[in-house]
Each structure stands twice: as C-alpha cells, then as structure tokens.
Amino acid sequence: MSFFRRHEAAILGGASALAVVAVWEAAWRAGWISPLFFSGPSAIAARFREDVVEGTLLADMAYSGRNFALGFGLATVTGVVLGILLGWYRRLRLLVDPFVNALYATPRIAMVPLIILWFGIGIWSKVFVVFLSAFFPILVNTIAGVKALDADLLRAARAFCASDRQIFTTVAIPGSVPFILTGVRQGVAHGLIGVVVGEMFAGSQGIGFMIAYGGQTFATDTLFVGVAIVAFAGILLTWMAERLQQRFSRWRPSR
Amino acid sequence: MPKLTIDRVSKRYRLEREARDVLAFSEVSLSVQEGEFVAIVGPSGCGKTSLLNVVAGLLPFEEGSVTIDGRAVAGPGVDRAVVFQHPSLLPWRTVSGNVRYGMEMQQRFDRETMRGRAEQFVKLVGLDGFQRQYPSELSGGMQQRVNLARALACDPSVLLMDEPFAALDAQTRELMQAELLNIWAESRKTVLFITHQINEALYLADRVIVFGARPGRVKAILEVPFERPRPLSLKRDPRFLALEDPVWRLLEGEPRT
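Sequence order as written defines the numbering, with residues in each chain counted from 1. To read the labels, note that chains go from A and ligands from 1, taken in the order they are written. In keeping with the model being predicted, local features are shown solely for residues with a pLDDT of at least 70 and side-chain atom pairs are shown and tallied solely at 80 or more, while totals for entire chains, interfaces and linings include all residues.

K.L.:
Account for the overall build of chain A, naming residues and giving values.
P.N.:
Strands are runs of DSSP state E lasting at least two residues, helices are runs of H or I lasting at least four, and both sets are numbered from the N terminus onward. For chain A, the helix and strand inventory stands at 11 helices and 0 strands. When the helices and strands of chain A are placed in sequence order, the string is α-α-α-α-α-α-α-α-α-α-α. In terms of overall dimensions, chain A has a C-alpha envelope of 75 × 60 × 30 Å along the principal axes. Taking contacts inside chain A between residues at least 6 apart in sequence as the whole, the part at least 24 apart equals 73%. In this description, a residue-residue contact is defined by the distance between C-beta atoms placed from the backbone, which must lie within 7 Å.

K.L.:
Go over the sheet that holds strand 1 (residues 4–15) of chain B, please, and point to the residues and values.
P.N.:
All names here are of chain B. Taken together, 4 strands build an open sheet; the order of strands is 2-1-4-5 and the sheet is antiparallel. Sheet topology places strand 2 (20–32) and strand 5 (71–72) at the edges, where each strand pairs with a single neighbour. Across 5 bridges, the pairing between strand 1 and strand 4 (residues 63–68) is antiparallel. Residue pairing in the sheet places Ile6 in a bridge with Val66 of strand 4. Between any two strands, at least two bridges found by DSSP are needed for them to pair.

K.L.:
Can you break down the domain arrangement of chain A residue by residue, with the values?
P.N.:
All names here are of chain A. The split of the chain into domains comes from an automatic or database domain assignment. What the domain assignment lists for chain A is domain 1 (1–33) and domain 2 (36–247). One C-alpha centre belongs to domain 1, the other to domain 2, and the line joining them spans 30 Å. In this assembly, 5 residues from domain 1 lie in contact with 5 residues from domain 2. Throughout this entry, Asp, Glu, Lys and Arg are counted as charged residues, while Ala, Val, Leu, Ile, Met, Phe, Trp, Tyr, Cys and Pro are counted as nonpolar. The remaining residues, Gly among them, count as polar. Split by residue class, the side of domain 1 that touches domain 2 holds 4 nonpolar, no polar and 1 charged.

K.L.:
Lay out the domain arrangement of chain B in plain terms, naming residues and giving numbers.
P.N.:
Residue and element names in this part refer to chain B. Per the domain assignment, the segments of chain B are domain 1 (4–79 + 156–252) and domain 2 (91–155). At the junction of the two partners, domain 1 supplies 11 residues and domain 2 supplies 12 residues. It is helix 5 (residues 170–187) that contributes the most residues to the side of domain 1 that touches domain 2, 4 residues altogether. Along the lines of polarity and charge, the residues of the side of domain 1 that touches domain 2 split into 9 nonpolar, 1 polar and 1 charged.

K.L.:
Give a detailed account of the sheet that holds strand 7 (residues 158–162) of chain B, specifying residues and quantitative values.
P.N.:
All names here are of chain B. Taken in spatial order, the 6 strands make up an open sheet running 6-7-8-3-9-10, and their pairing is mixed. Bordering the open sheet on either side are strand 6 (80–83) and strand 10 (217–223), each of which pairs with just one other strand. The mean angle between the axes of side-by-side strands here comes to 20°, regardless of whether they run parallel or antiparallel. In this structure, strand 3 (residues 37–41) lies alongside strand 9 (residues 207–212), joined through 4 bridges in parallel fashion. Among the inter-strand pairings, Val41 is bridged to a residue of strand 9, identified as Val210. Think of each axis as a best-fit line through the C-alpha atoms, taken over the contacting stretch in the case of a helix, with angles from 0 to 180 degrees between the N-to-C directions.

K.L.:
So what's going on with the packing of helix 6 (residues 112–119) of chain A against helix 9 (residues 164–201) of chain A? Which residues, and what values?
P.N.:
Residue and element names in this part refer to chain A. With their axes 10 Å apart at the nearest point, helix 6 and helix 9 run at an angle of 70° to one another. The angle between helix 6 and helix 9 places the two elements in the roughly perpendicular class. As helix 6 packs across helix 9, the resulting crossing turns out to be right-handed. Here helix 6 contributes Val112, Pro113 and Ile116 to the contact with helix 9, which in turn contributes Val197, Gly198 and Phe201. Here the contact of helix 6 with helix 9 is built from residues that sort into 5 nonpolar, 1 polar and no charged. The labels follow the angle: roughly parallel below 35 degrees, roughly antiparallel above 145, roughly perpendicular from 65 to 115, and oblique for the rest. By definition, any crossing whose near helix is turned counterclockwise from its far helix by less than a right angle is left-handed, and any crossing with a clockwise turn is right-handed.

K.L.:
I'd like a rundown of the nonpolar core, residues and numbers included.
P.N.:
If you look at the biggest cluster of nonpolar residues, it comprises 116 residues, and the most contacted ones within it are B:Val55, B:Ala149, B:Leu192 and B:Phe193. Element by element, the count of residues in this core is highest for helix 7 (residues 123–147) of chain A, at 13 residues. When residues no more than four places from it in sequence are discounted, the contact partners of B:Phe193 are B:Phe37, B:Val38, B:Ala39, B:Met161, B:Leu204 and B:Ala205. For the purposes of this analysis, a nonpolar core is taken to be any set of buried Ala, Val, Leu, Ile, Met, Phe, Trp, Tyr and Cys residues that are connected through C-beta atoms within 7 Å. Working definition of burial: number of other C-beta atoms within 10 Å of the residue's own, with buried at 20 or more, exposed at 12 or fewer, and partly exposed in between, all C-beta atoms being placed from the backbone.

K.L.:
Break down the environment of A:Trp88 for me, citing the residues and quoting the values.
P.N.:
Residues and elements named next belong to chain A. On the secondary structure map, Trp88 appears in helix 4 (residues 57–88). For the pair Trp88 and Val177, spaced 89 residues apart in sequence, the C-alpha to C-alpha distance is 15 Å. The contacts of Trp88, once residues within four sequence positions are left out, are Val146 and Ala172.

If you want it as structure tokens, here you go:
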C-alpha cells in the first residue's frame with residue numbers, strides 16, 4: 001500500500017483542519033472579524049501563552065483535571081460494579097429501574113443547583129456533578145452488556161461446574177467489556193460537560209469558570225482558550241477510550 | 001453395575017401462557033455400561049436434548065433417578081463433560097484457552113497439568129498450529145473440534161454429546177464422525193451421544209436407542225453388530241443399510257416439530 005493510502009485519514013483530516021485554520025487566520029488579519037465577538041488563531045495562541053506564563057491557566061487546568069479524574073474514576077468503578085450486579089440479578093434491577101430511568105432521563109444540569117446546595121461550592125460539588133454525568137451512561141451500558149451475555153456460554157460454564165464467582169470473572173465481565181467501554185466513551189463526553197457546567201455555576205477557578213468569566217467580561221480570547229482546552233481534552237480522552245476499546249476487542253472478527 | 005443409569009425419569013415443562021404442563025419425555029429408563037458408546041436417535045422435538053441436559057445436571061427433573069457409578073445426579077459434576085450442539089466457545093479466549101476452560105472451571109488439575117493436557121488435546125483433535133487463534137478465525141468444524149477437546153481434556157468418566165455435528169456440512173460431518181471414533185478408540189470413554197441422524201447413530205454407537213416423540217420415550221434399543229475399527233465405507237455396506245431400514249420405519253410415523 002502506498003504512503004498516502006496508509007495514512008489517508010491523517011493526511012486528509014490534517015489538511016482540512018490546516019486549511020480552515022489558515023482561512024480563519026487570514027480573515028482575522030484582514031480585520032473581517034470583530035475581536036469583541038470572535039477571535040483569531042494567533043490571538044488565541046498568544047492569549048494561551050500569556051495565561052500559562054503570567055496567569056493561572058495551569059492551575060485552572062489542574063483543578064478541572066483533578067475534579068474530572070475524581071468524578072470520572074468514581075463513576076467508572078461504581079457504574080461497572082453496580083451495572084454488573086443489576087444486569088445479573090433481575091429482581092434487584094426491577095427494584096431500582098424506576099430510579100435509574102428517571103435519573104438517566106433527567107438532564108444533569110437541572111440538578112446542579114441542588115448539588116451545590118448539598119455539597120457546597122467546594123470541589124466536592126464539582127466532583128459530584130462529573131460523577132453523576134458519567135455514572136449513568138456507564139451504568140446503563142454495563143447493564144445492557146450483562147443482559148446480552150450469550151446464554152450458550154453461561155450454560156457451558158455451568159456444565160463445567162463453574163461457581164458463580166467463576167462465571168462472573170470468566171463470562172460475565174469479559175463478555176460485557178465491549179458494552180462497558182461504550183459506556184466509558186459516553187461517560188467521558190458527559191463527564192466533560194459536567195466539569196465545565198459545575199464550575200460555571202459556582203466556582204472561582206477551573207476551565208469552566210474561566211469560560212464563564214471570559215464571557216461575562218468580554219474577554220473573547222480567554223473564552224476561546226477555554227473552549228479549545230475542553231475540545232482538546234475531549235478529543236484526547238475519546239481517542240484514549242477508543243484505543244482501550246480496540247485493545248479489548250482483538251478477538252472480534254475483523255469486519 | 002452400569003456406569004450410567006437412567007431410571008423412569010420424566011421431565012415436565014410449564015407452559016406459562018397456556019397454564020399447563022407438557023411432558024418433554026416420560027418414564028425413560030436406560031443404562032450405559034462402562035466404556036460403551038450409546039447413541040440416542042429421534043426426531044427433533046422428541047426431548048432427547050432435554051434428557052441429555054438432565055444427565056448433565058443442567059435441567060432439574062421431578063420423577064425417577066439418574067445415577068453415575070451409583071451416585072445420584074443432582075447437578076453438574078466433574079464426572080461428566082458436555083460437547084454442545086453449538087460450539088459455545090469463549091470468543092475472547094484462544095483455542096488453547098478454550099480447551100483449558102473446562103479444566104479450569106472443574107479445578108481438578110494444577111496449572112502445569114492443565115497446560116500440558118490442553119496442548120495434548122489440541123493436537124489430538126488435529127488443531128496443532130492453531131493454538132493461538134481465536135474462535136472467530138476458525139471454521140465451524142474446527143470450532144467443534146475445540147468444543148470436543150475442551151470436554152475430553154477434563155477426563156470425564158461420562159462424555160455427553162448433544163448433536164455435535166448437526167450444524168456441519170455433510171463432508172465435514174463424515175470426517176468428524178470418523179475422527180471421533182479414532183479418538184474414542186484410544187480412550188474408550190463412556191459416551192452418551194444424541195443425534196437425529198440414523199446413520200450417524202449406527203456408525204458411531206455400540207447400541208442405538210430409538211426415541212419416539214410427544215412425549216419422548218424409548219421405542220426400541222438396537223445392538224450394532226459391526227466390529228471396530230469402522231471405516232467410513234461401512235455406511236455404504238448392505239448390512240449397514242439393512243440395519244438402517246427398520247429404524248427409519250420406527251421413526252416414520254413420529255410427529256415432527
């Protein structure tokens with residue numbers, strides 16, 4: 001295969017991204033864009049450098065990153081464990097189904113003021129917003145994965161005298177991994193929304209706060225830096241989740 | 001004492017929607033001697049797979065008793081291993097990993113022994129060189145070989161086979177039958193083999209039990225007189241065909257589903 005064919009996605013994707021940035025920058029320099037409502041690539045980059053060197057950008061990123069990591073980590077652990085239990089034990093699932101459905105359907109943003117009331121304006125309200133955002137996609141997908149387990153495999157395990165614990169570790173968990181990872185991917189996206197929204201409502205630092213503050217003070221460059229960081233984090237985390245998904249599906253038939 | 005004894009066993013299913021019970025099979029009695037290869041042949045829906053699941057300990061039953069070496073069967077046990085109709089292989093495990101799986105669950109061997117036995121039985125079923133492949137990379141016939149190796153590796157005292165070749169194409173099926181006999185000749189396991197194919201039952205077994213349907217029941221028991229080893233050409237032998245004929249007639253009048 002030729003070099004182009006092998007790297008088709010990277011070359012075409014990179015070229016189109018570069019072209020858009022170039023046109024954008026040209027329009028910015030030509031003065032066609034109002035700095036009050038929009039910004040240009042060079043201005044955003046300059047603002048970024050300035051915020052890193054003189055401002056608190058690194059501290060803000062660390063703050064938001066930690067909140068995200070804590071909330072998302074908690075959501076993954078509890079979502080997977082509870083998801084497997086609820087997928088396995090039908091009666092347990094029927095008992096909690098109304099709550100899961102109601103909370104899953106409720107936009108998490110609607111609950112943010114309530115969460116701030118409960119957890120205060122410190123980091124735990126932010127962590128909890130991330131947790132709540134990421135938890136449900138992971139939980140719901142894990143439940144679906146356990147429910148979709150191949151009955152033939154469960155029967156084979158039983159026939160070979162597998163204990164419940166053995167069935168869990170050798171059939172239920174590996175069998176639901178593809179679903180769990182789909183949940184993790186969705187959880188990443190929802191968790192990022194959570195971290196930004198949490199800081200916008202009640203915060204004094206973090207990327208979400210920075211975006212809200214930039215908007216209120218017409219610091220459009222700052223606003224764009226914040227959005228770009230969130231976008232980049234989203235791309236990076238989604239890419240990592242996809243890699244993880246590939247790593248765990250080597251056994252799948254290739255197309 | 002027979003190895004496996006099934007004594008007047010009946011199995012009922014509850015049809016919830018119609019609020020009534022149906023009999024899968026009724027008052028079935030049969031026994032299998034140590035080292036004997038017994039095949040049960042019957043039309044689909046005659047309860048023969050249910051009977052195998054009862055013996056495997058996967059299906060509870062209400063009446064009668066199933067004993068192996070005089071001990072009553074109350075659930076799955078390490079004295080049995082099942083070769084399923086569907087390969088039922090873990091898709092995320094390699095061939096070797098799947099062959100080890102039954103032994104791992106039964107916990108009868110240490111780690112080293114399991115590895116050695118897995119290798120031995122992978123080779124026995126003719127899959128040397130495929131140890132690291134995943135099931136999705138194998139043909140249906142090869143998947144069934146793994147299914148067979150997984151059961152044999154457990155060293156069961158009774159091997160239960162549930163129409164293992166039913167889903168294979170005709171040539172592969174014939175080949176697998178001949179290979180099964182070769183493998184069996186070395187171990188002389190006690191085998192209970194379920195099939196709907198009359199010539200498969202006659203070719204493989206020492207004794208053939210003809211099942212009738214609705215409810216499933218034993219209609220006839222035939223001794224198969226052919227000496228072993230049996231070449232595949234036996235199936236074209238006039239003596240073989242002469243034996244096939246009465247079984248056809250026994251099954252002809254049976255209801256089908």
